[in-house]
Amino acid sequence: MNKLFTLSILILIISTRLALAQPVRTHQHFDDGWKFHAGHATDFTRDFNYGFGNIFSKSGETAGTCIAIDYNDKNWDNVKLPHDWVVALPFTYVNNDDIDSHGYKPVGALFPENSIGWYRKAFEIARADSGKRFEIQFDGIYRDSKIWINGYYVGGNFSGYNSAAYDITDFIRFGKKNEIVVRADATQFEGWFYEGAGIYRHAWLNTYNNVHVKSDGGLFVHAAVNGNNADVTVETTLENRGINAASATVYSYVTDRNGKVLTKSKEVPFDLAIRQENKISTNLTINNAHLWDVTDPYLYKAFSIVKQNGRTIDSVQARFGVRTFKFDSNKGFFLNGRNIRVQGVSCHQDHAGVGSALPDELQYYRIRLLKEMGVNAYRTTHNPPTPELLDACDSLGMLVMDETRLLTSGKEYEQQYRNLILRDRNHASIFMWSIGNEEYATHHTDIGKRIAQNQILLQQQLDPTRTSTYAANQGNYYRGVNEVIPVRGFNYNLNGADAYHAAHPEQPVIGTEVASTVTTRSIFAKDTVHAYVPDYDLTYPSWASTAEIWWKITQDRPWFMGGFAWTGFDYRGEPTPYRWPNINSHFGIMDMCGFPKTVYYYYQSWWTDKDVLHIAPHWNWPGKEGKPIDVWVNTNADNVELFLNGKSLGKKDMPRNGHLVWSVNYQPGTLAAVAHKKGRIIKAKVETTTAADRIVLSPSKKVLLANGQDAVVVNVTVLDKKGREVPDAGNLIRFDLHGPADILGVGNGDPSSHEADKCPPGQWQRSLFGGKAQLIVGAGTNVGELKLTALGLGLKSAEIQLFQK
């Protein structure tokens, strides 16, 4: 009996310690184990009886639909989030502007069979966890989503771009199977660019105490520089969802990037009635503060801890940066007191191979590519971004203009803007909010002015530490939104900027959208059959300009703080200046895969201090012997001398913020450039190659985390027998991956390619375009070695090993 008693006491002690060791708040990935099936927008018999079954007549009524907890979904597809069902659909020609602008994917009202998606996921919650609160969070479902738990409707989100969270505590079956069901309706487009469809961002299961820090914006951390120190304000909004009034305490502290506690507040007591909220502000000081900068993105962490009866019941944290922003109407933009030009790009959110469902690693990969080019600012056009993009910008040092979807202040879209600010305001990278883009029917009116004023006041209420702008495709025009917007944004129309600034000298000015040069990587002649444009900074639509024109304008005007070139990367949809067979844009400084175009090197020349010397085009032009070819040289050197097969073609001085051009009669061989920069010699060359001989695979990294979330980008090129990259190769390459991971998608940057981004298992392939292709590998959850093989007809194969740990 004594032994039994002792054993019982030990079990009780261990159980108590384990319970105390449990995290007080959890934020768990909810991406695995989903089932998917297409529905139908106009035929309820093909939409699992939705719209016919009277599911809203009684609470929990499922009326013979797939909402039922016991619905048999064994024949549905197994999918993992993020998931974009549109990227796998075939390209389809329809003479319709919206289909054209969405990249000729068969989705929307004309394709009801492809425009509804159903998702189901089963999960269990232990009985021991009853008493907690449970919340399901979706960072993005495109679009008009509706969510049920165990047959009970819990809510929906009209927009496809904002995060939304739902308290599901009341509907949980503890110790039993639970079923979450999501219906996404992409029938109505929201933008005029590729948008994808489905649960294309992460899902999360959150748990916390009944007395807790609010989920939506409950922790707001901001800092003011005070000499060498920083005065940090931590605003903690607390909520009581229990069945009794509650008393507790809250305190906050700040750590450096290594976790060392730098400053800590006292515990502040508070009382909350049932369903009451209360905001408590704490002031802390960081001595000798390390400022966040685009060149040194140092991040601190702030924590707020809620305690009750001496026990921690909730804990939240946020990364933040200490920095200062100043927008001067005469001198431009200042970061931490340093006058810098905004060297920005606007970007949509899709990428080759994966559509809108980007793995987190791909966000970091893309931001690194932009940083390499010299970009210091990113505009999230034209919608709230995924949180992981902002995480990447915080960590890597990239300013962000965070843009909401629509300029309107009705209840729905005011709430969308509110949600955006509350979610994103802790991010160090965000330096400005954008209340909208090119609302041509509204922005010149008194209604537009009143809407803008409402959104500006809302922003100032929720985030008084920043300012806002509006992306106006107007020149010297003041009436409407521009009357009240703090920072005037110019989308193109730069010929009106001087007159506008002269008339309104008190208003800072930024180029919210500029350039829009259209180019096709590796193509150097206009091709109307394949819908290609030359890869020079030459061609642009009537409303736009070249990169060189807009950048020179900013350099001559200190009050013009810089701008955001359209766009950093090509994106699906908006084919310009062509239509079918062109299925994505040509606007990118890089293509859909992130491979640089010629204009990339113009920006890199003048946006960085790197030694840049780039020659375009390549030098494989069979059949053009003796004919003139325009050769462009981009560099930041002082002068350049060009040589063809060792013979000088002349030496030229490099104009500031310009480029150089030679007309060269083509002969095979070597075209070389020798440049002088501050007394140093820089060299570059392009050579005529022979046929492709072997494949080369270049991974962005060699080691993946076995977390089911990581990814690696593998770029594919081919070399000739002398080891030279073949710039015009178009070989079909097949891929085979062995090991506990999966290929997520393939691409090549060809804006007119109709090849599949998603291939059946064991049949992955992609043609090279301009000598390049790309595949993305997504990590699994098992440790092991990965072997990736690439094969092509008549080519020596390539094989690389990756490690997943």
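Please read these numbers as outputs of a predicted model, since none were measured by experiment.

About the thresholds
Residues numbered from 1 in each chain as written. Predicted model: local features only at pLDDT ≥ 70, side-chain atom pairs only at ≥ 80, totals over all residues. Heavy atoms only, no water. Pairing = 2+ DSSP bridges. Helix = DSSP H or I, 4+ residues; strand = E, 2+ residues; numbered from the N terminus. Core = buried A, V, L, I, M, F, W, Y, C linked by side-chain atoms within 4.5 Å. Buried < 20%, exposed > 50% of the residue type's maximum accessible area, 1.4 Å probe, protein only. Contact = heavy atoms within 4.5 Å. Axes fitted to C-alpha atoms, helices over the stretch in contact; angles between N-to-C directions. Polar contact = N/O pair within 3.5 Å; in protein donor to acceptor, adjacent residues only side chain to side chain. Phe/Tyr/Trp six-rings, centres within 6.5 Å; stacked < 30°, edge-to-face > 60°. Lys NZ or Arg CZ within 6 Å of the ring centre and 35° of its normal.

**A few points about the sheet that holds strand β41 (residues 703–704)**
With mixed pairing, five strands are arranged side by side in an open sheet as β41-β48-β47-β43-β45. Unpaired on one side and paired on the other, β41 and β45 (765–767) mark the two borders of the sheet.

**Here we look at the nonpolar core**
In this structure, L370, W550, Y603 and W619 are the most contacted members of the largest nonpolar core, which totals 81 residues. The leading source of residues in this core is helix α9 (residues 598–607), at seven residues. With near-sequence residues (within four places) excluded, W619 lies in contact with I629, V631, L644, V664, Y666, Q667, P668, G669, L671, V686, E687 and T688. Grouped together as the second largest cluster of nonpolar side chains are 54 residues, W85, I168, V533 and Y571 included.

**Some points on the side chain of S585**
Inspection of the secondary structure puts S585 in the loop between β32 (560–566) and α9. Note on S585: relative accessible area 0%, which makes it buried. The contacts of S585, once residues within four sequence positions are left out, are D570, Y571, G573, E574, P575 and P751.

**Let's talk about the sheet that holds strand β4 (residues 116–124)**
Read across the sheet, six strands follow the order β3-β2-β4-β9-β6-β7 without closing on themselves; strand pairing throughout is antiparallel. Where the open sheet ends on each side, the last strands, each with one partner, are β3 (77–79) and β7 (152–157). Neighbour-to-neighbour, the strand axes of this sheet turn through a mean angle of 25°, independent of strand direction. The sheet contact formed by strand β6 (residues 145–149) and β7 spans five bridges and is antiparallel. Residue pairing for β7: I147 is matched across the bridge by G155.

**Some points on the side chain of N748**
Within the secondary structure, N748 is located in the loop between β44 (741–747) and β45. Assessed through its relative accessible area of 2%, N748 is described here as buried. A distance of 2.8 Å separates a polar side-chain atom of N748 from the backbone oxygen of S767. Setting aside its immediate chain neighbours within four residues, N748 contacts R521, D591, C593, F595, S753, E755, R766, S767, L768, F769, K772 and A773.

**Some details on the packing of aromatic side chains**
Counted by the stated rule, this structure contains 50 aromatic pairs. In this structure, R366 is placed above the aromatic ring of F569, and the distance from its NZ or CZ to the ring centre is 4.1 Å. The positively charged end of R488 is found above the aromatic ring belonging to F490, 3.8 Å away from the centroid.

**Some points on unusual backbone geometry**
In this model, W566 is joined to T567 through a cis peptide bond whose omega is -10°. Of note, T567 is situated in the loop between β32 and α9. The residue after W580, namely P581, is reached through a cis peptide bond having omega 10°. For P581, the location among the structural elements is in the loop between β32 and α9. With phi around 55°, F48 is a residue other than glycine that occupies positive phi space. Within the fold, F48 resides in the loop between β2 (34–38) and β3.

Treat this as a map of the structure, not an account of what it does.
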